Protein chains: 2
Amino acid sequence: MRISFLGLGLMGGPMAGRLIASGHDLTVWNRDTAKMQPLADMGATLAATPAGAVAGAEAVITMLTDGAAVRSVLDSMAESLQPGTLFIDMSSIAPAQARRHADLLAVRGVQALDAPVSGGTAGARDGTLAIMVGGEASAFEAAHPVFAPLGRAIRVGGAGAGQVAKLCNQQIVAITIGAVAEALHLAERAGADPAAMRAAIRGGFAESRILELHGARMLARDFTPGGRSSIQLKDLDNILKLAGEANAATPLSTMMRERYATLVQAMGQGELDHSAILLELEAQSAGLSPNRT
Amino acid sequence: MRISFLGLGLMGGPMAGRLIASGHDLTVWNRDTAKMQPLADMGATLAATPAGAVAGAEAVITMLTDGAAVRSVLDSMAESLQPGTLFIDMSSIAPAQARRHADLLAVRGVQALDAPVSGGTAGARDGTLAIMVGGEASAFEAAHPVFAPLGRAIRVGGAGAGQVAKLCNQQIVAITIGAVAEALHLAERAGADPAAMRAAIRGGFAESRILELHGARMLARDFTPGGRSSIQLKDLDNILKLAGEANAATPLSTMMRERYATLVQAMGQGELDHSAILLELEAQSAGLSPNRT
């Protein structure tokens, strides 16, 4: 397919590379033009503007920082989108904004999918991303050749539902990080070896990717990101906004939002990996100590 | 080894069976004598009392309901334990109580290990239990032939530390169940298909045994236990007691304790599987609805 790919960051770059390698005809654009060169070397056509990139495309993919960036790019190229083009936004943005974009594009005869991903840069490089897709079933079918080289795509509902699923994913991630931190911290305080405790419970009902990956980071006290705490806080803000719109109770997410706000704002640790919630927990315990008066 | 096994319930029965099958010489006792017959059929010697069971044993294993049951059995047989016997309590009891039992037995020259397990009846049957062991390193070494047929044993510290690790495990389980419930509930309320959302995020950072097992139960709304909510509440009470003794902050566990108390006491659902915390969450959301005045 003739595909335009807009946004060649840490995720978009390797994703565009995989689409070229699987035989698609790619035109690419990025705000920082230096990032376009590796794709040119692989055979992509370069475009100077979003509007220039999308002319004649069968599918347009955006992989940008946030909803404002997507909207800005959309506004600058909407006139150039042909009716019948498939627009696939793989950025992580608010569900309500994804629905607005779909409505705007429908007026122009363009079918839109929201298709955020999980799996990080390793998943982008290896084509093993989890792709959560919202939009019409017919558009999802048409997008199959685009998704196949990138990972495992599952349609979860209409416009915006992909973004909802991404937030649900982030919700589980944040709370499970909190669970693992709390258990490692309790083990240490109560006289069990936290590393041995973690080793002992691996593979049982407590097993998770978070226990494996973030648990190891906590034990090593290596909070190099990974996923930044500031981003986790932004995700939790979006989760609570969505939950408010949907009248859904989210007691654990609400607590984790407050705790990440403390870590990022009061403690100034937004650049640390989200496993650093352990530091916020330790600060809570320091406040509990009977030796502190 | 000559092993006495006291307590042949859902877990103890298959564990004793595996020890016989691996060549150990077993004497068994159970309060309800009917449960001894299958072990007798496998070649175990039956005992009428705990004291009768432990005479001449190299190792004594208890697998009982709670700390009170262990203490009662210990009191009734302590006079019959020979110095040098290895006492292994595989029941799940409070860490402080495990330490008291170890102290009592040390006076008699008996080495004690606390060695609670995780992995359920399937793990007991298949010999794949996670065994979390507290006690002296020498006793742990001596117990190797006992643990090997039952699962993977890891020493996590001194007396009581095995019970600490078990509570840490239960802590992660309870909170992760809460995380999965909250995500499935938000997906449903916000217009994504919860089953498709779960399928889409499987294998990513949100992956866990709880997402796999308890997530499936929540989607099917099949709350047949599994692990009873009343037991989860008891575990959380023990977790908070331990955390209080250790001055460890446990904000998520504290919240889950209150929520399980609501589910079990106010809603009367203690017999349901612990994945039924979804019902408590749905009740919270019903209270949020703008249509409810």
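Residues numbered from 1 in each chain as written. Chains lettered and ligands numbered in written order. Predicted model: local features only at pLDDT ≥ 70, side-chain atom pairs only at ≥ 80, totals over all residues. Heavy atoms only, no water.

**Some details on the domain arrangement of chain A**
Residue and element names in this part refer to chain A. The following threshold applies: Domains are outlined according to an automatic or database domain assignment. Contact definition: two residues touch when any of their heavy atoms are within 4.5 Å. As a working definition, buried area equals the accessible area (1.4 Å probe) given up by two parts on being put together, with both sides summed. Just to be clear on terms, a salt bridge is a Lys or Arg side-chain nitrogen sitting within 4 Å of an Asp or Glu carboxyl oxygen. Whenever a nitrogen or oxygen atom comes within 3.5 Å of another N or O atom, the pair is scored as a polar contact, on the condition that within protein one atom can donate a hydrogen and the other can accept it, and that pairs from neighbouring residues in sequence are kept only if both atoms are in side chains. Only Asp, Glu, Lys and Arg are considered charged, only Ala, Val, Leu, Ile, Met, Phe, Trp, Tyr, Cys and Pro nonpolar, and every remaining residue, Gly among them, polar.
Domain boundaries in chain A define domain 1 (2–158) and domain 2 (164–285). Each of domain 1 and domain 2 has a C-alpha centre, and these two points are 30 Å apart. Residue-level contacts link eight residues of domain 1 with seven residues of domain 2. Interface of domain 1 and domain 2: buried area, both sides summed, is about 690 Å²; carbon and sulfur atoms make up 61% of it. At the boundary of domain 1 and domain 2, one finds zero salt bridges. Across the domain 1-domain 2 interface, the total number found is three residue pairs in polar contact (both at pLDDT 80 or more). Within the side of domain 1 that touches domain 2, the residues separate by chemical class into five nonpolar, three polar and no charged.

**A look at the packing of helix 12 (residues 229–246) of chain B against helix 13 (residues 251–266) of chain B**
All names here are of chain B. Going by this rule: Helix axes are fitted to C-alpha atoms over the stretch in contact, other axes to C-alpha atoms as well, and angles between N-to-C directions run from 0 to 180 degrees. A helix here means a DSSP run of H or I that spans at least four residues, while a strand means a run of E at least two residues long, and both kinds are numbered starting from the N terminus. The handedness criterion is simple: a crossing whose near helix is rotated anticlockwise from the far helix by less than a right angle is left-handed, and one whose near helix is rotated clockwise is right-handed.
At a minimum axis distance of 9 Å, the contact between helix 12 and helix 13 shows a crossing angle of 145°. As for the relative orientation of helix 12 and helix 13, their crossing is left-handed in sense. Here Ser229, Ser230, Gln232, Leu233, Leu236, Asp237, Ile239 and Leu240 of helix 12 come into contact with helix 13, specifically with Ser253, Thr254, Met256, Arg257, Tyr260, Ala261, Leu263, Val264 and Gln265. Looking at side-chain class alone, the contact of helix 12 with helix 13 contains nine nonpolar, six polar and two charged residues.

**Details of the relation of the copies chain A and chain B**
What counts is decided by this rule: The copies were overlaid with a least-squares fit restricted to C-alpha atoms from residues scoring a pLDDT of at least 70 in each copy.
With an axial shift of 0.0 Å and an RMSD of 0.1 Å, the rotation relating chain A to chain B amounts to 180°. Between the two chains, the operation in question is that of a two-fold axis. When C-alpha distances to the rotation axis are compared across chain A, the minimum falls at serine 208 of chain A, with a value of 1.9 Å.

**Some words on the environment of arginine 209 of chain A**
Note the following rule: Residue exposure (1.4 Å probe, protein chains only): buried if accessible area is under 20% of the type maximum, exposed if over 50%, otherwise partly exposed.
With respect to the helices, strands and loops of the structure, arginine 209 of chain A is situated in helix 11 (residues 209–220). Since its relative accessible area comes to 28%, arginine 209 of chain A is described here as partly exposed. Remark: the alpha-carbon pair of arginine 209 of chain A and valine 173 of chain A, spanning 36 residues in sequence, is separated by 9.2 Å. When neighbours within four sequence positions are excluded, arginine 209 of chain A is seen to be in contact with His214 of chain A together with Gly203, Gly204, Phe205 and Glu207 of chain B.

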